[in-house]
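Residue-level structure breakdown
Listed below are the residues making up each chain.
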Amino acid sequence: MRGTHSETTKKISKLFSTKEDFKEFAEINQHIFDHYQQRLPQEEILYLFLLVWSRRSINDVTGEEVFCQKYNQWAEITQLASDFVATCIPETKNSSRDHILIESFFTVAKIKQLLSPLLNHNIADVNLYAQRLFPESYQKCRNFLTENPLAVATWNKKVYPI
């Protein structure tokens, strides 16, 4: 397991540590040192950066598009978003907007998967709430995530129970 964590850390570092946004964020380490006389390792700064940066908004579609262009490193996430929109919300009036928001959501989920699979867990109450208020939509989305081959390959059901 330790080797896997080390390999994942290297993958994450390779994908994101050269980004200009990360370099700017990493300057926080100097502020931490100034106030606490401690420096965080690069790995921890990167972890914090990705947690902060992965807090997304549905109110800024242009910002989400830029986020996807910068941080979606996986062609399967783009395809998965297209498949999701076509399958789960085919009646949408704005498929390009919805594709961007879904791609952003899946990109964040992939980043969190790399950081720690536990970051992608919902509390059971959220699932029950969605299931009770929106039973058809809930089932359609659940079926997509558990039956679409690309979704299954992207998120292991044993790690991410739905």
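Being a predicted model, the structure only gives us computed values, none of them experimental.

Turning our eyes to something else, we now look at the overall build of the chain. Scanning the chain from terminus to terminus reveals ten helices and zero strands. Walking the chain from its N terminus toward its C terminus, one meets helices and strands in the order α-α-α-α-α-α-α-α-α-α. Taken along the three principal axes of its C-alpha coordinates, the chain extends 55 × 35 × 30 Å. Looking at the chain as a whole, 31% of its 162 residues are labelled buried. Pairs at least 24 apart in sequence give 67% of the contacts found in the chain among residues at least 6 apart. If you sum the accessible surface of the chain, you get close to 10,700 Å²; carbon and sulfur atoms cover 55% of it.

With that settled, consider unusual backbone geometry. The backbone of Gln 37 shows a phi angle near 55°, a positive value even though the residue is not glycine. Residue position: Gln 37 is located in the loop between helix 3 (28–36) and helix 4 (42–53).

Secondary-structure assignment places Leu 118 in the loop between helix 7 (95–115) and helix 8 (124–133). You can call Leu 118 exposed: its relative accessible area is 65%. For the pair Leu 118 and Pro 41, spaced 77 residues apart in sequence, the C-alpha separation works out to 22 Å.

Moving on to the packing of aromatic side chains. All chains considered together, the criterion is met by twelve aromatic pairs. On the basis of an interplanar angle of 65° and a centroid distance of 5.8 Å, the ring pair of Trp 53 and Tyr 71 is categorised as edge-to-face. Of this pair, Trp 53 sits in helix 4 while Tyr 71 sits in helix 5 (residues 61–71); the two residues are 18 residues apart in sequence, bridging distant segments of the chain. Through a chain of ring-to-ring contacts, the aromatic side chains of Phe 16, Phe 22, Phe 25, Phe 49, Trp 53, Phe 67, Tyr 71 and Trp 74 assemble into a single cluster. Lying over the aromatic face of Tyr 71, Lys 19 brings its terminal NZ or CZ to 5.6 Å of the ring centre. In this arrangement the basic side chain of Arg 39 is found over the ring face of Phe 33, its NZ or CZ atom lying 4.2 Å from the centre.

Overall, the coordinates contain three salt bridges when judged by the stated rule. A salt bridge links Asp 21 to Lys 70; the shortest N-O distance between them is 3.0 Å. Placement of Asp 21 in helix 2 (residues 20–25) and of Lys 70 in helix 5 is noted, with a sequence separation of 49 residues between them. Between Arg 97 and Asp 98 there is a salt bridge whose closest N-O contact spans 3.0 Å. Arg 97 gets classed as partly exposed once you look at its relative accessible area, which sits at 32%.

On to the confidence of the model for the chain, then. Averaged over every residue, the pLDDT of the chain is 87; the share at 70 or more is 91%. No element of the chain has a lower mean pLDDT than helix 1 (residues 2–16), which averages 70, and none a higher one than helix 6 (residues 75–88), which averages 96.

What counts as what
- Residues numbered from 1 in each chain as written.
- Predicted model: local features only at pLDDT ≥ 70, side-chain atom pairs only at ≥ 80, totals over all residues.
- Heavy atoms only, no water.
- Helix = DSSP H or I, 4+ residues; strand = E, 2+ residues; numbered from the N terminus.
- Buried < 20%, exposed > 50% of the residue type's maximum accessible area, 1.4 Å probe, protein only.
- Contact = heavy atoms within 4.5 Å.
- Areas by Shrake-Rupley, 256 points an atom, 1.4 Å probe, with all protein chains shown as cover.
- Phe/Tyr/Trp six-rings, centres within 6.5 Å; stacked < 30°, edge-to-face > 60°.
- Lys NZ or Arg CZ within 6 Å of the ring centre and 35° of its normal.
- Salt bridge = Lys/Arg side-chain N within 4 Å of Asp/Glu carboxyl O.
- pLDDT = per-residue confidence, 0-100.

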